[in-house]
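# Inside the fold
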Amino acid sequence: MGHSAHDPATKGRPAWNAGHKLGAKRALKPQQVWAIRFWLDRERRTRDRALFDLAIDSKLRGCDIVKLKIGELVSGGRVRSRAIVIQRKTGRPVQFELLEPARTSILAWLEARGGTLEDYAFPSRLDGVTHISTRQYARLVDEWVRGIGLRSEDFGTHSLRRTKASLIYKRTGNLRAVQILLGHTKIESTVRYLGVDVEDALTLSEGTEIGSVRVRGVISGPVWVGIGVAIGTSG
């Protein structure tokens, strides 16, 4: 049972989120990703290394990661380089890639874990049959970031989902590609998720320069024009 906001007992009681960092959690930087990998390897946390690598590459929400089954990651005794899942939130399919570091760590974990194709890849420690909870996943992420000296308040499960997507956007400026990879139904959701603003748009525009080419026209001598395609000469 709880109290109403109008009950006298709630007067002077701090809000449930007092002292908590609100808003979007930070994406990890590449050096932080490798620092966590090194820390997990040093601590010999095979399961966590596989879970971390999977989260970074797949860009899935936590509710989808914890429910992945072995058969969705493995085919013919090998970890898939590409996989597809149905998102719990949207009910729509989304594809993701698994690069070599992730495939290696996932295979190491599945060999140690055993199980069948119908078993969850990351079982609960309580019964070994059901999958780990999203709350447990969130606690693990807190441990990982604290393990390399970061503030857990600044990061969360969405930090892992956002990490690779943010890097792709910064390197390409291709929002549509990031939208597909994140499985968003609307590009507006991707804009909000990445925190794209006017400054980002201007930075991308400033980094795009239209090259000059030297051409010959009807007038004598070379003419410099600020376009990136060749212009034919007059008869």
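Refer to the structure printed above.
In short, a report on the structure. This structure is a prediction, so every number in the text was calculated from the model and none was measured.

### Details of the packing of aromatic side chains
Under the criterion given, the structure shown has two aromatic pairs. Note on Phe52 and Trp144: the rings are 5.7 Å apart at their centroids and 85 degrees apart in plane angle, and the pair reads as edge-to-face. Linking Phe52 in helix α2 (residues 46–58) with Trp144 in helix α6 (residues 134–147), this pair joins segments that are 92 residues apart in sequence. Aromatic pair Trp109 and Phe122: ring centres 6.4 Å apart, planes at 0 degrees, arrangement stacked. Separated by 13 residues along the polypeptide, Trp109 in helix α5 (residues 100–113) and Phe122 in the loop between α5 and α6 bring together distant segments of the chain. Under the relative-accessibility criterion, Phe122 is labelled buried at 1%.

### Some words on the layout of surface pockets
In this structure, the largest pocket occupies an estimated 270 Å³ of space. In this structure, the largest pocket is lined by 14 residues; those nearest its centre are Val33, Arg37, Ile56, Lys164 and Leu167. Within the residue set of the lining of the largest pocket, elements represented by two or more residues are α1 (30–42), α2, α5 and α7 (157–172). With five residues, α7 is the largest single contributor of residues to the lining of the largest pocket. Across the lining of the largest pocket, the residue classes break down as nine nonpolar, one polar and four charged.

### Remarks on the nonpolar core
Among the nonpolar cores identified, the biggest contains 38 residues, and Phe52, Leu54, Leu73, Tyr137, Trp144 and Leu160 are the most heavily contacted of them. Of all the secondary structure elements, the ones that give two or more residues to this core are α1, α2, α4 (70–73), β3 (82–86), β4 (93–97), α5 and α6. No other element matches the six residues that α2 contributes to this core. Discounting residues that sit within four places of it in the chain, Phe52 has contacts with Leu28, Val33, Ile36, Arg37, Leu40, Trp144 and Leu160. Of all hydrophobic cores here, the second largest spans seven residues; its members include Ala165, Tyr169, Val178 and Tyr193.

### As for α6
Residue pairs three or four apart in sequence face the same way in an α-helix, which turns once every 3.6 residues. With 14 residues, α6 ought to run about 20 Å at 1.5 Å a step, and its terminal C-alpha atoms sit 20 Å apart, in line with that. Within the span of α6, buried status applies to Gln136, Tyr137, Leu140, Val141, Trp144 and Val145. Against the buried residues of α6 lie α1, α2, α3 (62–65) and α7.

Parameters at a glance
- Residues numbered from 1 in each chain as written.
- Predicted model: local features only at pLDDT ≥ 70, side-chain atom pairs only at ≥ 80, totals over all residues.
- Heavy atoms only, no water.
- Phe/Tyr/Trp six-rings, centres within 6.5 Å; stacked < 30°, edge-to-face > 60°.
- Helix = DSSP H or I, 4+ residues; strand = E, 2+ residues; numbered from the N terminus.
- Buried < 20%, exposed > 50% of the residue type's maximum accessible area, 1.4 Å probe, protein only.
- 1 Å grid on protein atoms, 1.4 Å probe; cavity = no way out; pocket = protein on both sides within 12 Å on 5 of 7 lines; lining within 4 Å.
- Points joined across faces, edges and corners; volume = space filled by probe spheres on them.
- Nonpolar A, V, L, I, M, F, W, Y, C, P; charged D, E, K, R; others polar.
- Core = buried A, V, L, I, M, F, W, Y, C linked by side-chain atoms within 4.5 Å.
- Contact = heavy atoms within 4.5 Å.
- Expected span 1.5 Å × (residues − 1).

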